[in-house]
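The chain contents come next:
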Amino acid sequence: MISIIIPIFNEAENLPLLRERLTAASPAWRDDYEIVLVDDGSTDESSRLMRAMAEEDAHFTIVTLSRNFGHQAAVSAGLQCAKGDAVVIMDGDLQDPPEELHRFLDKWREGYHVVYAIRRNRKENVLKRAAYASFYRILQAISDIHIPLDSGDFC
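Residues numbered from 1 in each chain as written. Predicted model: local features only at pLDDT ≥ 70, side-chain atom pairs only at ≥ 80, totals over all residues. Heavy atoms only, no water.

### With respect to a nonpolar patch on the surface
Where we set the bar: For patch detection, residues must exceed 30% relative accessible area and be free of salt bridges, and they are connected within 9 Å for like charges or within 5 Å for nonpolar side chains (Val, Leu, Ile, Met, Phe, Trp, Tyr). Accessibility throughout is a Shrake-Rupley quantity obtained with a 1.4 Å probe, and a residue counts as covered only by protein chains that appear here. Any Lys or Arg side-chain nitrogen located within 4 Å of an Asp or Glu carboxyl oxygen qualifies as a salt bridge. Where helices and strands are cited, they refer to DSSP runs of H or I of at least four residues and of E of at least two residues respectively, numbered from the N terminus. The rule is simple: take the accessible area with a 1.4 Å probe, protein chains only, and divide by the maximum for that residue type; under 20% is buried, over 50% is exposed, in between is partly exposed.
A contiguous nonpolar patch, built from Val114, Tyr116 and Ile118 and spanning about 270 Å² of accessible area, is present on the exposed surface. Checked against the element boundaries, Ile118 lands in the loop between helix 4 (101-109) and helix 5 (126-142). Overall, the relative accessible area of 48% leaves Ile118 in the partly exposed class.

### Describing the nonpolar core
Quick reminder of the rule: As used here, the term nonpolar core means buried Ala, Val, Leu, Ile, Met, Phe, Trp, Tyr and Cys residues forming a set that is joined through side-chain atoms within 4.5 Å. Contacts were defined at the residue level, with two residues in contact if any of their heavy atoms lie within 4.5 Å.
Counting 22 residues, the largest nonpolar core has Ile4, Ile6, Leu18, Leu22, Trp29, Ile35 and Leu37 as its most contacted members. Counting only elements with at least two residues in this core, the list comes to strand 1 (2-8), helix 1 (15-25), strand 2 (33-39), helix 2 (46-56) and helix 4. With near-sequence residues (within four places) excluded, Ile35 lies in contact with Ile4, Ile6, Leu22, His59, Phe60 and Thr61. Counting residues in each nonpolar core, the second largest holds 7 residues, with Ile5, Val38, Leu65 and Ala77 among its members.

### Concerning the packing of aromatic side chains
Between two aromatic rings, the relevant description is the distance of the centres plus the angle of the planes. Test applied: Each Phe, Tyr or Trp ring, with Trp reduced to its six-membered ring, pairs with another whose centre is within 6.5 Å; inter-plane angles below 30 degrees give stacked pairs, above 60 give edge-to-face pairs, and intermediate values give tilted ones.
This model, assessed by the stated rule, comprises 1 aromatic pair. Where Trp29 meets Tyr33, the ring centres are 4.9 Å apart and the plane angle is 90 degrees; that geometry is what we call edge-to-face. The pair formed by Trp29 and Tyr33 is uniform in burial state, with each residue classed as buried.

### Considerations on the confidence of the model for the protein
Formally: Summary of the metric used: pLDDT quantifies the predictor's per-residue confidence within the range 0 to 100.
In this model, the protein carries an average pLDDT of 88, and 83% of its residues clear a pLDDT of 70 or more. Confidence, expressed as mean pLDDT per element, reaches its minimum in the protein at helix 5 with 71 and its maximum at strand 2 with 98.

### Looking at helix 2
Residues spaced three or four apart along an α-helix point in a common direction, a consequence of the helix completing one turn every 3.6 residues. Short version of the rule: By construction, the arc corresponds to the directions joining the helix axis to the C-beta atoms.
Of all the residues in helix 2, the buried ones are Ser46, Ser47, Leu49, Met50 and Met53. Seen end-on, helix 2 carries its buried residues on one side only, within an arc spanning 165 degrees. Facing away from the buried surface of helix 2 by more than 90 degrees, the exposed residues are Glu55 and Glu56. Against the buried residues of helix 2 lie strand 1, helix 1, strand 2 and strand 3 (60-64).

### Brief notes about the pairing of strand 3
Within a regular beta strand, the side chains point alternately toward one face of the sheet and then the other, so they alternate between its two faces. Applied cut-off: We call two strands paired when DSSP finds no fewer than two bridges between them. Handedness rule for crossovers: strands pointing away from the viewer, path from the first strand over the helix to the second running clockwise, crossover right-handed.
The pairing of strand 2 with strand 3 spans 5 bridges and is classified as parallel. Pairing of Val38 across the sheet is with Val63, part of strand 3. You can see the chain leave strand 2, run along helix 2 and come back into strand 3, and the turn it takes is right-handed.

Written as structure tokens, this is what we have:
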């Protein structure tokens, strides 16, 4: 079984398309799966939409945090609830394309323990791109493990 953990914070606009794209991509995964949506204290209609998704499709599980704790705390909560043999972490804003998940899972089936996505392009402005570039280089310099430059949470 595969667990896909998606932290959600005020993503009501994206949730219908996220569901549609995940569902359309799922046959390529070739395994049973669960999609763990972690509501990180959303104040828009995200909570209601996620509950409806879970009621309509047993593949969706909802974890609700009492308030906004931040992205990494939401990922950690999802990891605690995940039941899969493999876990995929992706963002809910569709920057991470669900259609690419099968490539990660193929690498996992080949025996890799960790599979990263590395961004080729960023949509952010020049200042934000420079901040990201600096962050990843500093992280690589102080880390005991190799973390590829421009790898994100999509892994």
